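# Survey of secondary and tertiary structure
One-letter residues, chain by chain:
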Amino acid sequence: DELVGKAEKEYRSFAGDGVTISAVPLRRGTNSIECGFDSTLAAPEVMKLAQEAEADGVDACTIACFTDPGLVGARELVSIPVVGEGEAALHMAAMLSTRFTVVITEKPFFSLIRRTVSHYGLSSNLASVRSADASVLDLNESRVAHIVAECIDSVERDGAEAFVMGCTGTGFDMAITIEDALKAHFGAYIPVIDPGKVALHFARAMVATGLSHSKMAYP
């Protein structure tokens, strides 16, 4: 409940006026998603919740996990927009830069992130994957200094031009804090992308423009 409340507060803070946010936890699944096994277990519940959201009159859904569990199936089951936070963040990074680095929780999950990036056809844009050296449930503001150091090194060694927070459970406004630190160090703006924020605004844009996923692609 504490984590759900934290997420809901964050989403409301950047949703803007006229948007009603509800953060709905999975009733069945793992405590966090840190591997393909966890993501697969989460998918059925994500799809079910998308159906319930559409039935309740919700305009759009986002999936609060970088691996986007159940995204394809949810799009097949509903007509309202369903936005994966990983997909949204990675495509935004490709729009804002030619090479980006994904900052993930711990090194054992690097391969999972690389597979996610490859799934969206963006492997050629991936400069590197870097670690916060903290688990999903332990990732908070205390890791900012370490992450900033990793990002600085990634710019200098890997040629990173933008950063994606590869875990959607970051500390409050962590992306902005890291972005400010990088600007102070390099004297230049380098975007740091919060997947939750980007996915929410993609969803808003789809609703505002009357667009949703193609039923030829997701029948």
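Residues numbered from 1 in each chain as written. Predicted model: local features only at pLDDT ≥ 70, side-chain atom pairs only at ≥ 80, totals over all residues. Heavy atoms only, no water.

## Describing the confidence of the model for the chain
Across the chain, pLDDT averages 89, with 91% of residues at or above 70. When mean pLDDT is compared element by element in the chain, helix α3 (residues 71–77) scores highest at 98, while helix α1 (residues 2–15) scores lowest at 76. (pLDDT = per-residue confidence, 0-100. Helix = DSSP H or I, 4+ residues; strand = E, 2+ residues; numbered from the N terminus.)

## Re the pattern of salt bridges
The full count for this structure, using the stated rule, is seven salt bridges. Where E150 meets R130, a salt bridge forms, and the shortest distance between an N and an O atom there is 3.1 Å. Highlighted residues: E150 in helix α6 (residues 144–158) and R130 in strand β4 (residues 126–131), separated in sequence by 20 residues. E150 gets classed as partly exposed once you look at its relative accessible area, which sits at 21%. Look at R130 and you get buried, because its relative accessible area is 11%. With a closest N to O distance of 3.1 Å, R130 and D158 form a salt bridge. (Salt bridge = Lys/Arg side-chain N within 4 Å of Asp/Glu carboxyl O. Buried < 20%, exposed > 50% of the residue type's maximum accessible area, 1.4 Å probe, protein only.)

## Section: the packing of α6 against helix α7 (residues 174–186)
The contact between α6 and α7 brings their axes to 10 Å, and the two run at 50 degrees. Classified by the angle their axes make, α6 and α7 are oblique. Crossing geometry of α6 relative to α7 is assigned as right-handed. Where α6 abuts α7, its residues V144, I147, V148, C151, I152, V155 and E156 lie against M174, T177, I178, A181, L182, H185 and F186. Across the contact of α6 with α7, the residue classes break down as eleven nonpolar, two polar and one charged. (Axes fitted to C-alpha atoms, helices over the stretch in contact; angles between N-to-C directions. Parallel < 35°, antiparallel > 145°, perpendicular 65-115°, else oblique. Left-handed = near helix turned anticlockwise from the far one by under 90°. Contact = heavy atoms within 4.5 Å. Nonpolar A, V, L, I, M, F, W, Y, C, P; charged D, E, K, R; others polar.)

## Quick look at the sheet that holds strand β5 (residues 162–165)
Two strands in a sheet stick together by hydrogen bonds in their backbones, pointing the same way (parallel) or opposite ways (antiparallel). Here four strands make up an open sheet; going across it, the order is β4-β3-β5-β6 and the pairing parallel. Lying at the two open borders of the sheet, with one neighbouring strand each, are β4 and β6 (192–193). Pairing of strand β3 (residues 100–104) with β5 involves four bridges; the strand directions are parallel. Counterpart to F100 in the pairing with β5 is A162. (Pairing = 2+ DSSP bridges.)

## Remarks on the pairing of β3
Across a regular strand the side chains alternate sides, sitting on one face of the sheet and then on the other. Counting buried positions over the five residues of β3 gives five, a clear majority of the element. Covered by surrounding structure in β3 are F100, V102 and I104 together with T101 and V103, the residues of both alternating faces. Pairing analysis gives five bridges linking β3 to β4, with the strands arranged parallel. Looking across to β4, one finds that V102 is bridged to V129.

## As for helix α2 (residues 36–55)
Under the 1.5 Å per step criterion, the end-to-end length of α2 is 29 Å for 20 residues, consistent within 8% with the ideal 28 Å. A43 marks the point of greatest bend in α2, at about 35 degrees, and the proline P44 comes within the next four residues. Those residues of α2 that fall on the buried side of the exposure criterion are D38, S39, A42, A43, E45, V46, L49, A50 and A53. Those residues of α2 hidden inside the fold are in contact with β1 (61–63) and α3. Looking at the residues trailing α2, positive phi occurs at G57, about 90 degrees. (Expected span 1.5 Å × (residues − 1). Bend = angle between axes of the 7 residues up to and from the residue.)

## What to know about the nonpolar core
Counting 35 residues, the largest nonpolar core has L90, F100, V102, V117 and V164 as the members making the most contacts within it. Ranked by the residues each element gives to this core, the list is headed by helix α4 (residues 85–96), at five residues. Dropping the residues within four chain positions of it, V117 is found in contact with L90, F100, V102, L122, S123 and L126. A127, I152, A160 and M174 belong to the second largest nonpolar core, which has 18 residues in total. (Core = buried A, V, L, I, M, F, W, Y, C linked by side-chain atoms within 4.5 Å.)

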